[in-house]
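Take a look at the letters that make up each chain.
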Amino acid sequence: MTPLVRQISDKYRAHCSADLHLLEKTLGESLSGGADVVTRYESELSAYFQADHAVAVSSGTAAIQTALAALGVGSGSSVVLTPTCPLCTVYPILALGATPIFCDTQNDSFGCDPDDLARILRECPQVKAVLDIPMWGYPTRLDLLREITSGRKIPLVLDLAHSHGTKLHGLDLNRYGEISCFSTHERKLVSTGEGGFLLTSDAELARRCRDFTRFGNLDGVTFGLNFKLSGLQATLGISRLGLLDEQLKRRKENADHFLAQLQAEAAVPLRPVDGGTPNYYALLLRLNFRNNRAFVKAMTQAGIPSDILRYNVVCLYEFPLLQAYRRPCPNAEVLLAAITTIPMHPGISPEDLHYMSAAINAYAESSLNG
Ligand SMILES: *Cc1c(COP(=O)(O)O)cnc(C)c1O
């Protein structure tokens, strides 16, 4: 067993003196979800991500439920998604009384496999939306998926909880979907503690989302719930959005530095899809050990945390609540069994990067000789 010599943090806390200054100013204003500061946050989000409309909400989960509800998803309808995402993404589908249909991934990315997706859409007329989830900030082939869904007039919804700043062909991923859902939970790249937001360039869809998050404006005609983001969180959001570019730059530098030192043949960087730029929410390694999970466990014991162990990452239909929706997804199973995550956040030091690459190189070396 590898002794624990160092513990690499898997979480990054932004410290910003600007936070305090802005919070102090906002405390004198209204703090409800209808406050001016929330509108200002939404304007900054739409400007940053080049989307015509932004709606701030209380969580990433609320964002997904709101997007789907606004698209008319309810009982009797189905939503297509990949089984490689977290439980957080599928629960809003269940909450709406709709049925999840698991689509296989490609063999080298977390996006829907175009052939499997086309097959599902041919066979299931009740599909109301396709939900694609680029995991750990690695882009998927959204250009291809967009062609398939738009040809059938089915909206493409994106769960970009991991993907603030991830790009495909130079564009932020939200530019490829009808509507995009983000989380600003404190583990994500923009943090408001808890929170989320929606982006769309469809004015009517944005209006329906806004209505849904504020009780349908209490008109008694339109159904809705209270999913608004508070003014205090919006204030933090404004402050933290200003740090995103610097964070993306530091994560990329960390990844380049780490990869320059990595020499293990059985643990190579997962190649991004053509034209794709990950944000390094985490760096993904593709593993080819005799026992990949033994490697992930050994690295965890050596103080290098992996989301694969932390969240018990398996295809979602392996969980009791979702067994009824099992569908063959061979690529997804192979992909999940062959990856691990390496933290790359700005709190990681050059010594940490060196420690991690050396530990992986040494493990690979000894597994060759063993
Ligand atoms: C975090 C996360 C969510 C849920 O967001 P919350 O803000 O925690 O509700 C949904 N999908 C993915 C991929 C996530 O990582």
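Residues numbered from 1 in each chain as written. Predicted model: local features only at pLDDT ≥ 70, side-chain atom pairs only at ≥ 80, totals over all residues. Heavy atoms only, no water.

**Focus: the overall build of the protein chain**
Threshold: For the purposes of this entry, the term helix denotes a DSSP run of H or I that reaches at least four residues, the term strand denotes a run of E that reaches at least two, and both are numbered from the N terminus. Any residue under 20% of the maximum accessible area for its type is buried, any over 50% is exposed, and the rest in between are partly exposed; the area is computed with a 1.4 Å probe on protein chains only. The positive count covers Lys and Arg only, the negative count covers Asp and Glu only, and His and the chain ends enter neither. In this description, the location of a charge corresponds to atom NZ of lysine, CZ of arginine, CG of aspartate or CD of glutamate.
Helices and strands together make up the secondary structure of the protein chain, namely 13 helices and 13 strands. Structurally, the protein chain occupies a C-alpha span of about 70 × 55 × 35 Å along its principal axes. Out of the 370 residues in the protein chain, the part that is buried amounts to 56%. For the protein chain, the separation between the mean place of its 34 positive charges and that of its 38 negative charges on side chains is 2 Å.

**What about the sheet that holds strand S7 (residues 171–172)?**
Stated formally: For two strands to count as paired, DSSP must find a minimum of two bridges between them.
In spatial order, the strands read S7-S6-S11; together these 3 strands make up an open sheet with antiparallel pairing. Each having just a single partner strand, S7 and strand S11 (276–277) make up the two edges of the open sheet. In this structure, strand S6 (residues 167–168) lies alongside S7, joined through 2 bridges in antiparallel fashion. Bridge assignment links Lys167 to a residue of S7, and that residue is Asp172.

**Comments concerning unusual backbone geometry**
At His169, a residue that is not glycine, the phi angle is positive and equals roughly 50°. With respect to the helices and strands, His169 occurs in the loop between S6 and S7. With relative accessibility at 46%, the residue His169 sits in the partly exposed group. You will see that Phe215, though not glycine, has its phi angle at about 55°, which is positive. Here Phe215 shows up in the loop between helix H7 (203–213) and helix H8 (231–241). The class for Phe215 is partly exposed, based on a relative accessible area of 37%.

**Regarding the pattern of salt bridges**
Rules: What makes a salt bridge here is a side-chain nitrogen of Lys or Arg within 4 Å of a carboxyl oxygen of Asp or Glu, nothing more.
A complete count under the given rule lists 21 salt bridges for this structure. Among the salt bridges present, the one from Glu186 reaches Arg13, with a minimum N-O distance of 3.8 Å. Here the residue Glu186 occupies a position in the loop between strand S8 (179–183) and strand S9 (196–200), and Arg13 occupies one in the segment before helix H1 (17–26), the gap between them amounting to 173 residues. Look at Glu186 and you get partly exposed, because its relative accessible area is 28%. A salt bridge links Asp116 to Arg327; the nearest nitrogen and oxygen atoms lie 2.9 Å apart. In this pair, Asp116 is assigned in helix H5 (residues 114–123) and Arg327 in the loop between helix H11 (307–310) and helix H12 (330–337), connecting sequence segments 211 residues apart. A single network of salt bridges, built from pairs that share partners, joins Glu204, Arg207, Arg208 and Asp211.

**Section: the site of the ligand**
The following threshold applies: Nearness is defined per residue: one heavy atom within 4 Å of the molecule or strand is enough. The term polar contact refers here to a pair of N or O atoms within 3.5 Å; inside protein, the definition further demands a hydrogen-donor-capable atom paired with an acceptor-capable atom, and it admits residues adjacent in sequence only when both atoms are side-chain atoms. For accessible areas, the Shrake-Rupley method is used with a probe of radius 1.4 Å. Any residue's cover is judged against the shown protein chains and nothing else. Buried and open spaces are told apart on a 1 Å grid over the protein atoms alone, a cavity being a set of points where a 1.4 Å probe fits but cannot get out and a pocket being an open set with protein on both sides within 12 Å along at least five of seven lines. Residues with an atom within 4 Å of a point are the lining residues. Cavity and pocket membership follows a simple rule, namely that a molecule belongs there if more than half of its atoms are within 2 Å of the grid points.
The local shell around the ligand holds 13 residues, among which Gly60, Thr61, Asp159, Ser183 and Lys188 are the closest. For the ligand, a nitrogen atom lies 2.7 Å from a polar atom in the side chain of Asp159. In the model, an oxygen atom of the ligand is placed 2.8 Å from a nitrogen or oxygen of the His162 side chain. Taken by itself the ligand offers 380 Å² of open surface, and the protein chains cover 89% of this. When each cavity is represented as a set of grid points, the ligand is found to reside in the largest pocket. Secondary-structure elements contributing two or more residues to the shell around the ligand are helix H3 (60–70) and helix H4 (87–95).

**Digging into the pairing of strand S3 (residues 99–102)**
For clarity, the cut-off: With strands facing away from the observer, any crossover in which the path from the first strand over the helix to the second runs clockwise is taken as right-handed.
Both strand S2 (residues 78–81) and S3 contribute to a ladder of 4 bridges, which runs parallel. In the sheet register, Leu81 faces S3, and the bridge partner there is Phe102. The β-α-β motif built from S2, the intervening H4 and the parallel element S3 has right-handed crossover chirality.

**So, the pairing of strand S13 (residues 339–342)**
By the alternation rule, side chains of S13 split into Ile339 and Thr341 and Thr340 and Ile342, which are all buried. One ladder, built from 4 bridges, connects strand S12 (residues 283–287) with S13; its direction is antiparallel. Each residue of the ladder has a partner; that of Leu283, found in S13, is Ile342.

**Focus: the nonpolar core**
Quick note on the threshold: Put simply, a nonpolar core is a bunch of buried Ala, Val, Leu, Ile, Met, Phe, Trp, Tyr and Cys residues held in one set by side-chain atoms that sit within 4.5 Å of each other. The criterion used for residue contact is that any of the two residues' heavy atoms lie within 4.5 Å.
In terms of nonpolar packing, the biggest core is built from 117 residues, with Trp136, Phe258, Met356 and Ile360 touching the most fellow members. Trp136 has contacts with Phe110, His162, Asn279, Tyr281, Ala282, Leu284, Asp307, Ile308, Val313, Ile339 and Thr341, leaving out every residue within four places of it along the chain.

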